[in-house]
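Notes for the structure review
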Amino acid sequence: MAHIPDGFLSAPVIAGTALASAGALAIAARRSRDSLGGQEAPLLGATTAFVFAAQMLNFPLGAGVSAHLLGSVLVATLVGPWAGMLVIFAVVLVQALLFQDGGVAALGANTLNLAVIGVGGGYAIYRWVLALVGVGPRRVISAAAVAAYVSALLVGLAAAVELALSHTLPFETAVLAIVGSHALVGFFEAALTGALLGLVYRTQPGLVANQVAPSGAERGWAYALAGVSLLVAVFAAYAASSRPDAFEAAIQRLGIEDTALTHLAGPFADYAAPIGGPWVAAALGVALVFALGWSLARFMAHVGRRT
Amino acid sequence: MSFRHLDQFAQVSSPITALAPALRVLGTVVVALGAATLRLGAWPQLATLAGLVLVLAAVARIPLRTLLLRMLGPLVFVLFASVALLFLVPGEVVARVWWIDLTDNGLLRFGSALGRAFTALAAAVILVSTTTFPEIVQALRELRLPHAVTTALGLAYRFLYVIVDELERLQRAARSRNAGAGAAKRRRLLVSVVAAVLRRALVRSERTHRAMLARGFHGEIISLHRSRVDARSIMLLALLGLVVGAVTLSSYLAR
Amino acid sequence: MPLLEVADLTYRYPDGTHALSGVSFAVERGEKVALLGPTGAGKSTLLLHLNGLLLPASGCVTIDGIAVSGGTVREVRQRVGLVFQDPDDQLFLPSLLEDVAFGPLNEGCDPEGAELLARGVLQSLGLGGNEMRAAHHLSGGEKRLAALATVLVSHPLVLVLDEPTSNLDARGKRRLVRLLRERGETLLVATHDLAVARALCERAVIMADGALVHDGQLEHIVTDQEFLDHHGLWAEL
């Protein structure tokens, strides 16, 4: 249940998210008409119904824990990002009005999180990964799995930011609790997205939209973006390590100096590495994240092939 | 699957069902917004809005017990979230339960969140108890939501029943073929069943598109319904808006 | 001039396999023709050409003198009422009334008029009282009638039915057959059920592997066991 109920968000956040999502949906409505034409009506209807049905299912994870599918990235790969936003919006809307899953006043926020950020952000990651690795059935599925994971994280982050801006929760608590749980749920979302997409792809590859191979320019941008992220991470680590006062001041202002977060970060507190100091440590960190994501994606594709 | 009961909810006629669906939806939004944006700690205003909603439930001829029962599921989730606030929000400690500190801020947020959520929830339950799904889709159409969304929802109604039927049938078949399988195997079966249902849903949408084209469809579903919005309904909605707006605003003005 | 004419129709699937090769036949006004043949013979593919849902690779389909093409599909679809195999594909709106009114509304009818037409057709098929119900609350037989209603409401010149009696019990079959016999439209029925074909049609067109292999009187073939076996047909005895 990534849906925020009523009563947890402040008026400005309610208004801001409502405006933002309304704007995004208006664009999505126009763009999806351009890309799908008249075909869209039954396809969107069936996809909406499917997401609805799938979200009602309990997937047992073991030890009494079960999870539900979010479906943002799955939908984006099947009907495209713009139509995908409309589909997830339709689902969130009906869940709020008919099932009270997510608040009515909080609809703007939930739409923004799940439909706009979840679908749009997830799709962007999907295209980014594809631009890095190229197209082909296994790569498409891996890209979708990675995108699904990041999408879950982004949804959690957005919700945490909204709750923090509403002064409902302190920012670091919100991040720990919500982004933390989404970081775990994300694995399930990635696995399920990859598995479902894989099974659909095997029998009917034509159903998976957006198989356009990334252009040279797209690939260029993708590598550039990856490079920039690496540089930013390295620079941040350098700044943190060489200017401890500024960093500590920042931590104090955010109010996280005494919380679990810093305790968790303890082992890496000084960003030291056996060789080369903070630069290498940061680079290793980013490389580690990429490696994890990559192996996760390959595992998902492997699973998708076996089932 | 817990959605089929929705077909049976909106059977009782009342002054609420006499209103146009579009205005019922707007009314729900007005009440939910009013409740959600009440100032923290404005207990008198919160009680007023909650009371207003209970009065509306009575006007809609929904027994209190039924109302509370239908709110139970979502309310449990809200309760958990509110209790989380109780413990996670920093502030002055006012009490100690076992090993956990209760802060003044935490209590304030707990009560406010719970109260506001309860009121907004009740409004939504009144809506679903008086309005059928097709009426809600019609309401959204009249409220000028994007065509793609309202058309998708209109079609999703039937698709949902067909998809869930297939899902249950395939699940039963898989379960009977694999009785006694371990949890991991059952999970993998569930995934393959869901994938099969997804595939079928996508293929079915193509066949439905053909059937629509065969009957002259050219992009937009034309509605059979005429708008039931009349002057009386608009005035009632305006009245509701004024009352709720006044209560919510007063929570910020009165100190 | 025949009402429906198929001339040397050839169609290939996107992956290149032949679905139809050089199919030719004609149906006169008022005729009732059965389209027989085993699964995979191309019956459904042929039917999809009759209202322009598929366009041929070569050859021509003519309805009421109009050649079926991308530009004429609108007029063709007003004259051809195609009822698909699965009623759930045709009953996609929240109520039967809306489903049946869908066709007239698309053709420009105003909501009041469309509703009146829809109510009338539902009544005449014995489904009066079910207007506000959704299709999943109907029995299989009622669903088939409802699907038929969605097409009959537009007064097509020719009714094309794809397996109208599959999954129906004997009572449902009898009800549907009786109803169709009473109607005056030109009829083309694709079916596996020879008994239904006999009850409705005098003439049979038989397909196999995408080609038309026989066109003649139904009575002559139902007693010829060898013929039936050869063409993969089963006669209920």
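The rules behind these values
- Residues numbered from 1 in each chain as written.
- Chains lettered and ligands numbered in written order.
- Predicted model: local features only at pLDDT ≥ 70, side-chain atom pairs only at ≥ 80, totals over all residues.
- Helix = DSSP H or I, 4+ residues; strand = E, 2+ residues; numbered from the N terminus.
- Rg over C-alpha atoms; globule rule 2.2 N^0.38 Å.
- Buried ≥ 20, exposed ≤ 12 C-beta atoms within 10 Å, placed from the backbone.
- Contact = placed C-beta atoms within 7 Å.
- Nonpolar A, V, L, I, M, F, W, Y, C, P; charged D, E, K, R; others polar.
- Pairing = 2+ DSSP bridges.
- Axes fitted to C-alpha atoms, helices over the stretch in contact; angles between N-to-C directions.
- pLDDT = per-residue confidence, 0-100.
- Parallel < 35°, antiparallel > 145°, perpendicular 65-115°, else oblique.
- Left-handed = near helix turned anticlockwise from the far one by under 90°.
- Expected span 1.5 Å × (residues − 1).

**Quick notes on the overall build of chain B**
Of regular secondary structure, chain B possesses 9 helices and 2 strands. When the helices and strands of chain B are placed in sequence order, the string is α-α-α-α-β-β-α-α-α-α-α. Taking 255 residues into account, the globule formula puts the C-alpha radius of gyration at 18 Å, and chain B, at 23 Å, lies well above it. Each principal axis of the C-alpha atoms in chain B carries an extent, and together these give about 65 × 60 × 30 Å. Looking at chain B as a whole, 46% of its 255 residues qualify as buried.

**Details of the interface of chain A and chain B**
Between chain A and chain B, the residue contacts involve 58 residues of the former and 64 residues of the latter. In terms of residues, the side of chain A that touches chain B owes the most to one element, helix α2 (residues 40–55) of chain A, which gives 13 residues. Among the residues making up the side of chain A that touches chain B, the classes are represented as 40 nonpolar, 14 polar and 4 charged.

**As for the sheet that holds strand β10 (residues 211–217) of chain C**
Residue and element names in this part refer to chain C. Taken in spatial order, the 6 strands of this open sheet run β6-β7-β8-β3-β9-β10, and their pairing is mixed. On the outer flanks of this sheet lie β6 (80–83) and β10, each paired with one strand and no other. Direction aside, neighbouring strands of the sheet carry axes that sit 15° apart on average. Bridge count for strand β3 (residues 32–36) against strand β8 (residues 186–190) is 4 bridges, and the pairing is parallel. Within β8, the position partnered with Leu35 by the bridge is Ala190.

**Quick notes on helix α4 (residues 96–106) of chain C**
All names here are of chain C. Among the 11 residues that make up α4, 10 are buried, leaving the element largely enclosed by the rest of the structure. If you check which residues of α4 are buried, you get Leu96, Glu98, Asp99, Val100, Ala101, Phe102, Gly103, Pro104, Leu105 and Asn106. The elements touched by buried residues of α4 are α5 (111–124) and α6 (140–152). Just downstream of α4 lies Gly108, where phi reads positive at about 100°.

**With respect to the confidence of the model for chain A**
When pLDDT is averaged along chain A, the result is 77; 68% of the residues meet or exceed 70. Segment residues 253–277 of chain A: pLDDT under 50, and 26 contacts once partners within four positions in sequence are set aside and those in other chains are kept.

**What about the sheet that holds strand β5 (residues 66–67) of chain C?**
As summarised here, the arrangement of the 4 strands in space is β2-β1-β4-β5 (chain C), forming an open sheet in which the pairing is antiparallel. Edge strands, defined here as strands with exactly one partner in the open sheet, are β2 (18–27) and β5 of chain C.

**Looking at the interface of chain C and chain B**
How large an interface is tends to be reported as the accessible area lost when its parts come together. Each partner contributes residues to the interface: chain C has 29 residues there, and chain B has 22 residues. Here the side of chain C that touches chain B gets 7 residues from one element, more than from any other, and that element is α4 of chain C. A breakdown of the residues in the side of chain C that touches chain B according to their chemical character gives 15 nonpolar, 7 polar and 7 charged.

**Considerations on unusual backbone geometry**
All names here are of chain C. The phi dihedral of Asn167 is positive, around 65°, even though this residue is not glycine. Among the structural elements, Asn167 can be located in the loop between β7 (158–162) and α7 (170–182). One non-glycine residue with positive phi stands out, namely Asp209, at about 50°. Position of Asp209 relative to the elements: it lies in the loop between β9 (203–208) and β10. Taking the C-beta count within 10 Å as the criterion, Asp209 has 14 such neighbours and is therefore assigned partly exposed.

**Things to note about the packing of α2 of chain A against helix α3 (residues 72–79) of chain A**
Residue and element names in this part refer to chain A. The geometry of α2 relative to α3 is characterised by a closest axis approach of 11 Å and an angle of 160° between their N-to-C directions. Here α2 lies roughly antiparallel to α3, going by the angle between them. Like other packed secondary-structure pairs, α2 and α3 cross with a definite hand, here right-handed. Contact residues: Leu43, Leu44, Thr47 and Val51 in α2; Val75, Leu78 and Val79 in α3. Taken together, the residues that form the contact of α2 with α3 break down as 6 nonpolar, 1 polar and no charged.

**Re helix α6 (residues 137–165) of chain A**
All names here are of chain A. Spanning 29 residues, α6 covers 41 Å between terminal C-alpha atoms, matching the ideal 42 Å at 1.5 Å per step. Across the 29 residues of α6, 21 count as buried, placing the element largely inside the fold. Following α6 by one or two positions, His167 has its phi on the positive side, about 60°.

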